[in-house]
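Observations on chain architecture
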Amino acid sequence: MHIFAFFVLFSTLVFAQEQGLDNLLSEYREASELSHQTKQEKSGHVTIFTRANLDKMQAYTLNDIFKTLKMFTLKNSSFGSTALVKSPYSEHSMSSVKIYINSYEVTSITAGTGIAQFGKMGLNHIDHIEVYQASNAIAFHGEPGNMTIKLYTKNPSRENATVLQGSTDSKGGNRGQIIDAQNFDEYSYLANIDVSGNKFDKEKNINNKELSRDSGRGQLYINFAKKNDYFIEGGASKEKSDIFNGFAKNVESGDITTTYSYLQFTKNLPSQTEFIISGTYENVDVKSSDTFGIPLFDTSLSNNLDVASGSYTYDILLQKHHNYEDHNFLFGAEAKLKTFFLNSLHSNGIEKSYPIGPKNLDIYMLFAEDSYDINEEHQITLGAKADYHDNHFTKADTEYILRLAYLAKLSKELSFKGFVQKGYVYPIFSQTTFSPVITPNPNLKVSKNRIMKAEIEYKKEKLALTFGTGVSKSKDGIVFNQTEGTYVNSNKNSDFSQFFINLEYRFSVENKLLAEYFRAYKDNYSFTSDKGALVQLYTTFGKFDFYNELVYRSSYVSVDGVYMDAGYDYTAGAIYHYSENLNIKLKGENIFNKAIETSINGAKIPALERRGILTLEYIF
Amino acid sequence: MKKFFLLLLLTFSLFASDSKDVLRAQIIEKIISNISINEVITVWSDNKELIAEFRKSSNIITTDDCGKANIVVIENAKNIENKDCKNKPVFVLNYNLLKDVPESFGAFFWKKGRPNIVLIKPRTLSHGITIAKELEAYVEEKIW
């Protein structure tokens, strides 16, 4: 409580406007934010985390961002990793979230998106993050998603530094990061290494068995570019984590080892044309021992299970922008080839055969979009995309995405955005092809959806007030059927509606307050918080930066019938800029230990535990 | 298109109403206004956007002839090679130029994602440049 009082008192006392050159430098930094170049208002409800925000937030991992996103709750999976769950659905439903690093689309066989593997991803090399809800499934190319998270790496010409950062936390975890980014005439490079050991409190399951989700992770990112010519980037990560509750009821021991690597080449061709080619390799190795035995897909029980699977993904994209009078056209063609492999499946030391479903998925995509300026105040965007899917197992099919966006400047203070999109969600390999504990369903159909969203924004001087609302209807939703032991297309209604209100008030360039509230409505069951709020206070005072954050999520009854209390996650941080070369950072996460929790086999756990983090940053 | 996107940028980019070129010019103008060299300061730059912004201001005198300038602002050292102004006090727009251009006395540059200002004290003294109190926070003894 004393810490809270200290931060509130300090933060509220320091809203004095900075003067002179320092203030001009802050304004210049803000006017030069890279997000001004990359943000696409037409592509959805946008939330931006600038590098200045990420620094003040002390956002070390993607989870620090995920937990603040409206309409979502950061929960846990049974395997110890985090799950970004759409309100008010359960963590077992697909949330159709896509992550991009620059123009590279993170892809995963295990979850369809990179959320499970990338929650602990370090953000040291990231300049800014754009989150698009009701996102543009056409201009962002790749596989469709209802929310798109775009991570943009730092610009080496603005870094020109080698930065070493070391953190230690109150649970015994630690993190080391080093980044080097330089610019030489028309060439530049960026390299980042991030190594972390993550410790959590041990939990007890319903049988009083101790559960651990400790993990170790290493990641490397590197890029090399020639200005206005080409951009090569690649990344690799390896994470080994205790299995937590794992597959079944009474886990003895086990771990999950995930490796992920990719390489992408982007070439800028004449006439605003871009060519991108990438390759991705992913491997997931799961080892689990269970006293009672894990019920497998063939109804046998396994006391010792070892599964190693993975995938290769190749992607090739050609896209062109063309401006003609008041039209801004985008045309593109893309091919994505995914191959799943099962290296081994051992139960009690014996290799099991498996009636595997489709191992390949080839997607050939064509897309076009036209943003037309009706006049200076109104713009309309129409887009269409055709995706041909061939899994070499069932009949090939073509799915279509259609999108309409309308932007209007209604007056000096008022602006409006509206989106209508018809899209789909394609089943993932773990639903159609392989899972050790369920029978896959290779005949799953795509789930079709339609969304309609709108927001109106009022801006005057230092105040910005936004109100947004929307409805979503889906057909043939993909759900797990306990009776049949497999995924099926549900004929039940899973429509929902939502609204949010967002207020941002800027006291000065470096000092601002953000407050947000959302609510989601669904006719039948709600397995996650349907109401949430966020308050963020960014403050700078002399050589100190302060950050205060409160994330609220309402109570809910989980899938396993357990009542979960409402969550209030209060996080605060302070940074002391000791010198040009040294920053000292202190952060408290989930300070009151009241963050929203997930029920897993008798244990109730928050995604991010109460933790104090001390960080030293040295700039060479 | 152009007008619409300009309008959107102005509308949606809160507090980014001043373009970065204008702000950059204001910052450098403020630095130049706070140094003195015992004569009226006349500025030449190899950066056309910067000179264009300076010319909108009544506080700074510019010239197209670098030989007539007594403060030179550069982003590329090659642009003053073999010119009459190569021995004049130079303010650079890239930190590395402080090492490459011995006549440089200060820099406005990006480092770790933030814009920075530095004035190198021994070099300002060698050029007879006096620095006002407002700039003292940016004075350093040597190049890193």
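Note that the coordinates shown come from a computational prediction; the quantities given were computed from them, not determined experimentally.

With that out of the way, let us pick up the overall build of chain B. Along chain B, the regular secondary structure elements total five helices and nine strands. Secondary structure elements in chain B, listed N-terminal to C-terminal, are α-α-β-β-α-β-β-β-α-β-β-α-β-β. In chain B, the proportion of contacts linking residues at least 24 apart, taken out of those at least 6 apart, comes to 36%.

Another point: the overall build of chain A. Counting its secondary structure elements, chain A contains eight helices and 38 strands. Taken against the 2.2 N^0.38 rule, which gives 25 Å for 620 residues, the C-alpha radius of gyration of chain A at 24 Å falls within 12% of a compact globule. Burial analysis of chain A (620 residues in total) assigns 49% to the buried set. Within chain A, contacts between residues separated by at least 24 positions form 62% of all contacts whose residues are at least 6 apart in sequence.

Bringing the pairing of strand β18 (residues 327–347) of chain A into the picture now. All names here are of chain A. As paired elements, strand β17 (residues 301–324) and β18 share 20 bridges and run antiparallel to each other. Looking at the pairing, Lys 320 lines up with Phe 331 of β18. Hairpin connection of β17 to β18: two residues between the antiparallel strands, including Glu 325 at a positive phi of 50°. Strand direction decides the pairing type here: β18 and strand β20 (residues 360–373), joined by 13 bridges, are antiparallel.

Let us now look at the confidence of the model for chain A. Of all residues in chain A, 95% have pLDDT values of 70 or greater, and the mean over the chain is 91. Segment residues 6–18 of chain A is flagged for pLDDT under 50; beyond a separation of four residues in sequence, or across chains, it makes 18 contacts in the model.

For the rest of this paragraph, the subject is the packing of helix α2 (residues 20–33) of chain B against helix α3 (residues 48–56) of chain B. Residues and elements named next belong to chain B. One can describe the packing of α2 onto α3 by two numbers: an axis separation of 9 Å at closest approach and a directional angle of 70°. Taken together, the axis directions place α2 and α3 in an arrangement best described as roughly perpendicular. The segment α2 lies against α3, with Asp 21, Val 22, Arg 24, Ala 25, Ile 28 and Glu 29 engaging Glu 49, Leu 50, Glu 53 and Phe 54. Of the residues that constitute the contact of α2 with α3, the class distribution is five nonpolar, no polar and five charged.

Moving on: the sheet that holds strand β5 (residues 104–105) of chain A. Pairing is mixed across the open sheet formed by five strands, whose spatial order is β1-β6-β7-β4-β5 (chain A). On the outer flanks of this sheet lie β1 (45–49) and β5 of chain A, each paired with one strand and no other.

With that out of the way, let us pick up helix α2 (residues 20–31) of chain A. Under the 1.5 Å per step criterion, the end-to-end length of α2(A) is 17 Å for 12 residues, consistent within 8% with the ideal 16 Å. Taken as a whole, α2(A) has its buried residues at A:Leu24, A:Leu25, A:Ser26, A:Glu27, A:Tyr28, A:Arg29, A:Glu30 and A:Ala31. Looking at the buried positions of α2(A), the neighbouring elements they touch are α4 (51–57) of chain A together with α2 and β7 (114–120) of chain B.

This part covers the pairing of strand β34 (residues 567–577) of chain A. All names here are of chain A. The element β34 is largely enclosed, with a buried count of eight among its 11 residues. Note: strand β31 (residues 544–553) against β34, 10 bridges, orientation antiparallel. Considered in β34, the bridge of Glu 549 is made with Thr 571. Of the strand pairs in this sheet, β34 and strand β35 (residues 582–589) are connected by six bridges, and their pairing is antiparallel. Paired with Tyr 576 across the strands is Ile 584, a residue of β35.

Quick look at the sheet that holds strand β4 (residues 71–74) of chain B now. Residues and elements named next belong to chain B. Ordered by their spatial adjacency, seven strands build an open sheet running β3-β2-β4-β5-β6-β7-β9, and the pairing between neighbours is mixed. Strand pairing shows two members of the sheet lacking a second neighbour, β3 (61–62) and β9 (139–140), which therefore form its edges. Two strands pair when backbone bridges link them, and strand β2 (residues 42–45) and β3 are joined in this way by two bridges, in the parallel orientation. Among the inter-strand pairings, Val 43 is bridged to a residue of β3, identified as Thr 62. Seen against the sheet, α2 touches β2, β4, β6 (104–111) and β7 and runs at an angle of roughly 155° to β6.

It is worth spelling out α2(B) at this point. Counted at 1.5 Å a residue, the expected span for α2(B) with its 14 residues is 20 Å, and the 20 Å between its end C-alpha atoms agrees. Along α2(B), the residues classified as buried are B:Leu23, B:Arg24, B:Ala25, B:Ile28, B:Ile31 and B:Ile32.

Our focus in this paragraph is unusual backbone geometry. Residue and element names in this part refer to chain A. Between Ser 87 and the following residue, Pro 88, the backbone shows a cis peptide bond with an omega angle of -5°. Looking at the element boundaries, Pro 88 is found in the loop between β3 (82–86) and β4 (97–101). Here the phi dihedral of Ala 134 falls at roughly 55°; this positive angle occurs in a residue that is not glycine. Within the secondary structure layout, Ala 134 lies in the loop between β6 (126–133) and β7 (147–153). Unusually for a residue other than glycine, Ser 271 sits at a positive phi of about 60°.

Here we come to the nonpolar core. Core analysis: the largest hydrophobic core is formed by 52 residues, its most contacted members being A:Leu84, A:Ile129 and A:Ile149. Non-local contacts of A:Ile129, meaning those with residues more than four positions away in its chain, are made with A:Phe49, A:Ile65, A:Ile149, A:Lys150 and A:Leu151. In terms of nonpolar packing, the next biggest core, distinct from the first, is built from 27 residues, B:Ile80, B:Cys85, B:Val90 and B:Phe91 among them.

Where α2(A) meets α2(B), the axes come as close as 9 Å, and the angle between the chain directions of the two elements is 160°. Considered as vectors, α2(A) and α2(B) are oriented roughly antiparallel to each other. Crossing hand, α2(A) versus α2(B): left-handed. Two secondary-structure elements touch here, α2(A) through A:Leu21, A:Leu24, A:Leu25, A:Glu27, A:Tyr28 and A:Ala31 and α2(B) through B:Lys20, B:Leu23, B:Arg24, B:Gln26, B:Ile27 and B:Lys30. Looking at the contact of α2(A) with α2(B) residue by residue, the class counts come to seven nonpolar, one polar and four charged.

Criteria and thresholds
Residues numbered from 1 in each chain as written. Chains lettered and ligands numbered in written order. Predicted model: local features only at pLDDT ≥ 70, side-chain atom pairs only at ≥ 80, totals over all residues. Helix = DSSP H or I, 4+ residues; strand = E, 2+ residues; numbered from the N terminus. Contact = placed C-beta atoms within 7 Å. Rg over C-alpha atoms; globule rule 2.2 N^0.38 Å. Buried ≥ 20, exposed ≤ 12 C-beta atoms within 10 Å, placed from the backbone. Pairing = 2+ DSSP bridges. pLDDT = per-residue confidence, 0-100. Axes fitted to C-alpha atoms, helices over the stretch in contact; angles between N-to-C directions. Parallel < 35°, antiparallel > 145°, perpendicular 65-115°, else oblique. Nonpolar A, V, L, I, M, F, W, Y, C, P; charged D, E, K, R; others polar. Expected span 1.5 Å × (residues − 1). Core = buried A, V, L, I, M, F, W, Y, C linked by C-beta atoms within 7 Å. Left-handed = near helix turned anticlockwise from the far one by under 90°.

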